[in-house]
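Residue-level listing of the chains:
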Amino acid sequence: MPYEEESKNARRRAIRYLVYKDRSRNEIIRYLNEKKFSADAVDETLIFLESNDYINDERFAMQFGRSRIVNKKIGRLRLGLELGNKGLERKIIEETLNSLYEEYDEKKIALSCAKKKLATYSSSNSERDRRRIAKLLERKGFPSDIIYKVVTQLVPHAPNNDLYPLSPLPNESPEELGSHTTKIIQG
């Protein structure tokens, strides 16, 4: 295939690929390489796309990040990983995360996820619920300090009977209970 024809085909394919949704520069490169276009045709296509503002990694990162936060309610850590998987530069990822999490309160997002999930639990086992909510928030990419705050706010801690002093027996005052423990200790 002559070079001019290959270059036109690469451009056409890339534009068609971009019609469905915005993509990162790296995604375009991977796509064109999968389609077996030469390195020169890929480079020329990228120059064309960037000069006509068809691809812009900063814009893509903001749109993608906003979409993931609003639709999937994910935290900073997971969004950072997903943006990295899209082949974005570290600097762009950091700027995007800082900008988006100034706009959206990460603790409020985590709280709404946890409340929604907690409403589906039917168990009365608060320790189990605490673990499940913590694991959910961890998978969604929230930092541990936010997970701790949300879990302690939403799920009451169930006391472990072994760690707390004996509760008074029903119908006995604390003084009477004290005398029983004294008798037990004395012999």
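Everything quoted here is computed from the prediction, not taken from an experiment. (Residues numbered from 1 in each chain as written. Predicted model: local features only at pLDDT ≥ 70, side-chain atom pairs only at ≥ 80, totals over all residues. Heavy atoms only, no water.)

Engineer: What am I meant to see in the overall build of the protein here?
Structural biologist: When its secondary structure is counted, the protein shows ten helices and zero strands. Secondary structure of the protein in N-to-C order comes out as α-α-α-α-α-α-α-α-α-α. Across the 187 residues of the protein, 34% fall into the buried class. Of the contacts made within the protein by residues no fewer than 6 positions apart, 63% connect residues no fewer than 24 positions apart. Approximately 12300 Å² of the protein is accessible, and the part contributed by carbon and sulfur atoms is 52%. (Helix = DSSP H or I, 4+ residues; strand = E, 2+ residues; numbered from the N terminus. Buried < 20%, exposed > 50% of the residue type's maximum accessible area, 1.4 Å probe, protein only. Contact = heavy atoms within 4.5 Å. Areas by Shrake-Rupley, 256 points an atom, 1.4 Å probe, with all protein chains shown as cover.)

Engineer: Please clarify how the packing of aromatic side chains should be interpreted in this entry.
Structural biologist: Pairs of aromatic rings are described using the distance from one ring centre to the other and the angle between the two planes. Scanning all chains against the criterion turns up three aromatic pairs. Pairing F48 with Y54 gives two aromatic rings, centres 6.0 Å apart and planes at 40°, and the pair type is tilted. A relative accessible area of 25% places F48 in the partly exposed class. Measuring from ring centre to ring centre gives 5.7 Å for F60 and F64, while their planes differ by 20°; the resulting arrangement is stacked. Of the two residues, F60 and F64 both sit in helix α4 (residues 57–72), four residues apart, roughly one turn of that helix. Residue classification places F60 among the buried residues on the basis of a relative accessible area of 4%. Take F64: its relative accessible area is 17%, and that puts it in the buried class. (Phe/Tyr/Trp six-rings, centres within 6.5 Å; stacked < 30°, edge-to-face > 60°.)

Engineer: Where do I start with the packing of helix α5 (residues 76–85) against helix α6 (residues 90–103) in this structure?
Structural biologist: Helices that pack against each other are described as a pair by the angle of their axes relative to one another and the distance between those axes. Look at α5 against α6: their axes get within 10 Å of each other, and the N-to-C directions meet at 145°. Read as a crossing pair, α5 and α6 show a hand that is right-handed. On α6, the residues that touch R76, L79, G80, L83 and G84 of α5 are I93, T96, L97, N98, L100 and Y101. Broken down by class, the residue content of the contact of α5 with α6 amounts to six nonpolar, four polar and one charged. (Axes fitted to C-alpha atoms, helices over the stretch in contact; angles between N-to-C directions. Left-handed = near helix turned anticlockwise from the far one by under 90°. Nonpolar A, V, L, I, M, F, W, Y, C, P; charged D, E, K, R; others polar.)

Engineer: I tried to follow a positive patch on the surface on my own but got confused; where do I start?
Structural biologist: A contiguous patch of positive charge on the surface is contributed by K8, R12, R13, R16 and K35. Along the polypeptide, K35 turns up in the loop between α2 (25–34) and α3 (39–51). Owing to a relative accessible area of 38%, K35 belongs among the partly exposed residues under this scheme. (Patch = residues over 30% accessible without salt bridge, like charges linked within 9 Å, V, L, I, M, F, W, Y side chains within 5 Å. Salt bridge = Lys/Arg side-chain N within 4 Å of Asp/Glu carboxyl O. Lys, Arg positive; Asp, Glu negative; His and termini not counted. Charge placed at Lys NZ, Arg CZ, Asp CG, Glu CD.)

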